[in-house]
Amino acid sequence: MYSDRDVDKGKGGTPPGLEEYEPVIGLEVHAQLLTKTKIFCSCPAEYGAEPNTLVCPVCLGLPGALPVLNREAVSMAILMGLATHCEIAEESVFARKNYFYPDCPKNYQISMYDKPLCTDGYIEFELEGELRRIGIERIHLEDDAGKLIHLQDGGSMVDFNRCGVPLIEIVSKPDIRSPEEASAYLMMLRRILRYLGICDGNMEQGSLRCDVNISVRKRGSEEFGTKTEIKNLNSFKAVEMGIRFEIERQISVLRSGGAIEQVTNLWDATEKKLLTMRRKEYAHDYRYFPEPDLLPLVVDAGWIEEVRERLIELPLEREKRFREQYGLSPYDSGVLCSEKALADYYEELVSIVSEPKVCSNWVMREVLAHLNEKQVSIEEFAISPARLAELIKLVQEGTINQTAARDVFEEMLSSQQSAGEIVSKLGLEQISDDSELEALVDEVLAENPAEVEKYRAGKVQLIGFFIGQVMKRSRGKANPKVVKEILQKKLG
Ligand SMILES: [Zn+2]
């Protein structure tokens, strides 16, 4: 869960025709904000409650109910705007987007239209070792709709708990040129949201949702082709696969002399295919107009400065610093900085052990293997940096060897005892005493005369075999470095 390099590249590889046509891709990402209450009422904005228990006249759209704007939702939107280098508008305006759908009891969504809160920013990330910059057209606030639950035997139910949960919509410029780039952009967007603590980024639960606009054009052409839309892309894999399918489809239509129709496609996650809905959709269909129940949103310089205080070092900067300050590889820094809490854990560990590479190995291997296996986050991890640091120090001081350290680590997961206590309890102290080890070496050499002869005849790689035998005999407790020295002395 902490690796961003294992995104399945989908099927089909590079779509044919790319030497002739260039894809032009833009993403519209909806992110649920982690406010305590909804955007226009004081109902809790929680996930997973009993259906229709977190509702009130405002979020149910009952006649006469009036919205009251949640200040924290605005602050979070400004924070995202600052993190993505946007202009923050002094005055922005909420607008009604009118449409009928059973999950929307008001029959309109309160969104922003021609005067959004944040405009003209960018997000940077690295893709295959190259820095890429994708423009942000706008970030605006809006309220979420409810949720329809379709029953297997027909019929549907509606849960209005989600109605009025604050959303920001982050609209990229059409700067993306490949499915991989779209996925990498979305990955960085999600990381920034999670670093800032304003969205949990859970795509399965729908707190982060992605729609894509795609067109293709002849290479060298400045003009955009007709674009189509894909909705419902609920995983990174779906984003890559959906875009790849649509690029292939558009290129094959154009190559056979056809024209692209402006359609909306739905991603079918089960069948892994696109379902095309022949529906044209224009802004004027929604009959946008300024929301009469809300004043224009005025954000003064003081508010922006107050939010700026909450800006922290963002993932890409932190990744770069990890490489420079700790001498880590791009891969290790990327994984360690994928989550703020993981990067914090690592830095706390290094501050005690001050061996950046050794600490990175422990976190990248033992710690992440455990988290991935148990599907838990670093916040839920049982071993604090201070406890792990003690274990690493025992290895560095030669009290235990690496094999024993892994056993101690396993034990620490379910025990509150310190590494030192576990080492004594299990009797894992390394045997570094020469006379004890010499006796073991003598036994091994006596039992393997044929190998001894081969070694002396020049097959020196057999040293590994002898070390292994001694380690086995000591039940893993021998100090392998000392064993090697004794063996070389006795065999040489
Ligand atoms: Zn409410």
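All values reported here derive from a predicted model rather than from experimental measurement. (Residues numbered from 1 in each chain as written. Predicted model: local features only at pLDDT ≥ 70, side-chain atom pairs only at ≥ 80, totals over all residues. Heavy atoms only, no water.)

Take the nonpolar core next. The nonpolar side chains of a soluble globular protein tend to be buried with one another. Counting residues in each nonpolar core, the largest one holds 72 residues, and the members touching the most others are Leu-27, Met-80, Leu-117, Leu-141, Ile-168 and Tyr-185. Beyond its immediate stretch of four places on either side in the chain, Leu-117 contacts Val-74, Ala-77, Ile-78, Glu-87, Ile-88, Ala-89, Ser-92, Met-112, Ile-139, Leu-141, Leu-297 and Val-299. If you look at the next biggest cluster of nonpolar residues, it comprises 40 residues, including Cys-359, Leu-371, Leu-391 and Ile-400. (Core = buried A, V, L, I, M, F, W, Y, C linked by side-chain atoms within 4.5 Å. Buried < 20%, exposed > 50% of the residue type's maximum accessible area, 1.4 Å probe, protein only. Contact = heavy atoms within 4.5 Å.)

Strand order across the open sheet formed by 3 strands is β5-β4-β15, with antiparallel pairing between neighbours. The open sheet has two edge strands with one neighbour each: β5 (108–112) and β15 (289–290). Bridging between strand β4 (residues 94–98) and β15 involves 2 bridges; their strand directions are antiparallel. Each residue of the ladder has a partner; that of Arg-96, found in β15, is Phe-289. (Pairing = 2+ DSSP bridges. Helix = DSSP H or I, 4+ residues; strand = E, 2+ residues; numbered from the N terminus.)

Side chains of Asp-433, Asp-434, Glu-436 and Glu-485 sit close together on the surface and give a patch of like negative charge. Checked against the element boundaries, Glu-436 lands in helix α12 (residues 434–447). (Patch = residues over 30% accessible without salt bridge, like charges linked within 9 Å, V, L, I, M, F, W, Y side chains within 5 Å. Areas by Shrake-Rupley, 256 points an atom, 1.4 Å probe, with all protein chains shown as cover. Salt bridge = Lys/Arg side-chain N within 4 Å of Asp/Glu carboxyl O. Lys, Arg positive; Asp, Glu negative; His and termini not counted. Charge placed at Lys NZ, Arg CZ, Asp CG, Glu CD.)

Turning our eyes to something else, we now look at the packing of aromatic side chains. Throughout the structure, instances matching the rule amount to 13 aromatic pairs. Aromatic side chains Tyr-99 and Tyr-286 sit 6.4 Å apart centroid to centroid with 80° between the ring planes, which places their arrangement in the edge-to-face category. Remark: Tyr-286 occurs in the loop between β14 (273–277) and β15 and Tyr-99 occurs in the loop between β4 and β5; sequence separation between them is 187 residues. Under the relative-accessibility criterion, Tyr-99 is labelled partly exposed at 24%. (Phe/Tyr/Trp six-rings, centres within 6.5 Å; stacked < 30°, edge-to-face > 60°.)

Turning our eyes to something else, we now look at the coordination of the zinc ion. Protein coordination at the zinc ion comes from Cys-41 (SG), Cys-43 (SG), Cys-56 (SG) and Cys-59 (SG), with a distance range of 2.3 Å. Coordination at the zinc ion is tetrahedral, judged from the 4 donor atoms that bind it and the angles of 102 to 114° they form at the metal. Here the donor residues of the zinc ion are spaced in sequence according to C-x1-C-x12-C-x2-C. Residue Cys-59 is classed as buried on the basis of its relative accessible area, which comes to 7%. (Donors = N, O, S within 2.8 Å, 3.2 Å for Na, K, Ca; no water. Tetrahedral: all angles 85-135°; square planar, octahedral: opposite > 155°, others 65-115°.)

Below, the discussion takes up the packing of helix α10 (residues 402–414) against helix α11 (residues 419–426). Relative orientation of the contacting elements α10 and α11 amounts to 115°, with a least axis distance of 10 Å. The angle between α10 and α11 falls in the class roughly perpendicular. Here α10 and α11 pass one another in a crossing that is right-handed. Along its contact with α10, which presents Val-408, Glu-411 and Met-412, the element α11 presents Ala-419, Ile-422, Val-423 and Lys-425. Taken together, the residues of the contact of α10 with α11 break down into 5 nonpolar, no polar and 2 charged. (Axes fitted to C-alpha atoms, helices over the stretch in contact; angles between N-to-C directions. Parallel < 35°, antiparallel > 145°, perpendicular 65-115°, else oblique. Left-handed = near helix turned anticlockwise from the far one by under 90°. Nonpolar A, V, L, I, M, F, W, Y, C, P; charged D, E, K, R; others polar.)

In space, the 9 strands of this open sheet follow the order β2-β6-β7-β10-β1-β11-β12-β13-β14, with mixed pairing throughout. Taken across any chain shown, the strands that pair with only one partner, and hence form the sheet edges, are β2 (87–88) and β14. Bridge analysis of strand β13 (residues 264–268) against β14 gives 5 bridges, and the strand direction is antiparallel. Following the sheet pairing, Leu-266 is matched in β14 by Leu-275. Its contacts with the sheet place helix α1 (residues 71–83) against β2, β6 (118–127), β7 (130–143) and β10 (166–172), and it is angled at close to 165° to β7. Across the sheet, helix α3 (residues 236–255) is in contact with β1 (21–32), β11 (208–218), β12 (228–233), β13 and β14; its angle to β11 comes to roughly 25°.

Once that is clear, we can look at the packing of helix α7 (residues 340–353) against helix α8 (residues 356–374). The geometry of a pair of packed helices is captured by two quantities: the angle between their axes and the separation between those axes. Their axes nearest at 9 Å, the elements α7 and α8 cross at an angle of 135°. Classified by the angle between their axes, α7 and α8 sit oblique to one another. Between α7 and α8 the crossing geometry is right-handed. Contacts between α7 and α8 involve Leu-342, Tyr-345, Tyr-346, Leu-349, Val-350 and Val-353 on the former and, on the latter, Pro-356, Cys-359, Ser-360, Val-363 and Leu-368. Classifying every residue of the contact of α7 with α8 by side-chain character gives 10 nonpolar, 1 polar and no charged.

Excluding glycine, residues mostly have negative phi values, and the peptide bonds linking residues are mostly trans. Unlike most non-glycine residues, His-85 shows phi in positive territory, near 60°. Its place among the elements puts His-85 in the loop between α1 and β2. The backbone of Gln-375 shows a phi angle near 55°, a positive value even though the residue is not glycine. Looking at the element boundaries, Gln-375 is found in the loop between α8 and α9 (385–396). Judged by relative accessible area, Gln-375 falls into the exposed class, the value being 56%.

Attention now moves to the confidence of the model for the chain. As a note on interpretation, predicted positions should not be read in detail where pLDDT is low. Summing up the model confidence of the chain, the mean pLDDT is 91 and the portion of residues at 70 or higher is 96%. Taken as a whole, residues 1–12 scores under 50 in pLDDT and shows 34 contacts with residues more than four places along the chain or in a different chain. (pLDDT = per-residue confidence, 0-100.)

Attention now goes to the pairing of β13. Counting buried positions along β13 gives 4 out of 5 residues, so the element sits mostly inside the fold. Taken together, the 3 bridges between β12 and β13 define a ladder with parallel strand orientation. Among the inter-strand pairings, Ile-230 is bridged to a residue of β13, identified as Asn-265. Taken together, β12, α3 and β13 form a β-α-β motif whose crossover is left-handed. (Right-handed = clockwise from strand over helix to strand, strands pointing away.)

Here helix α5 (residues 315–326) is 12 residues long and its end C-alpha atoms lie 16 Å apart, about the 16 Å a rise of 1.5 Å per residue gives. Pro-315, Leu-316, Arg-318, Glu-319, Phe-322 and Tyr-326 are the residues of α5 that are buried. In an axial view of α5, the angular spread of the buried residues amounts to 165°, which keeps them on one side of the axis. (Expected span 1.5 Å × (residues − 1). Arc of directions from axis to C-beta.)

Moving on, we get to the state of the cysteines. Counted according to the given criterion, the structure contains 0 disulfides. With no disulfide of its own, Cys-118 lies closest to Cys-86 among cysteine sulfurs, the gap being 5.3 Å. According to the relative accessible area criterion, Cys-118 is buried, its value standing at 0%. The closest cysteine sulfur to the non-disulfide-bonded Cys-163 is located on Cys-59, 6.5 Å from its own sulfur. (Disulfide = S-S within 2.5 Å.)

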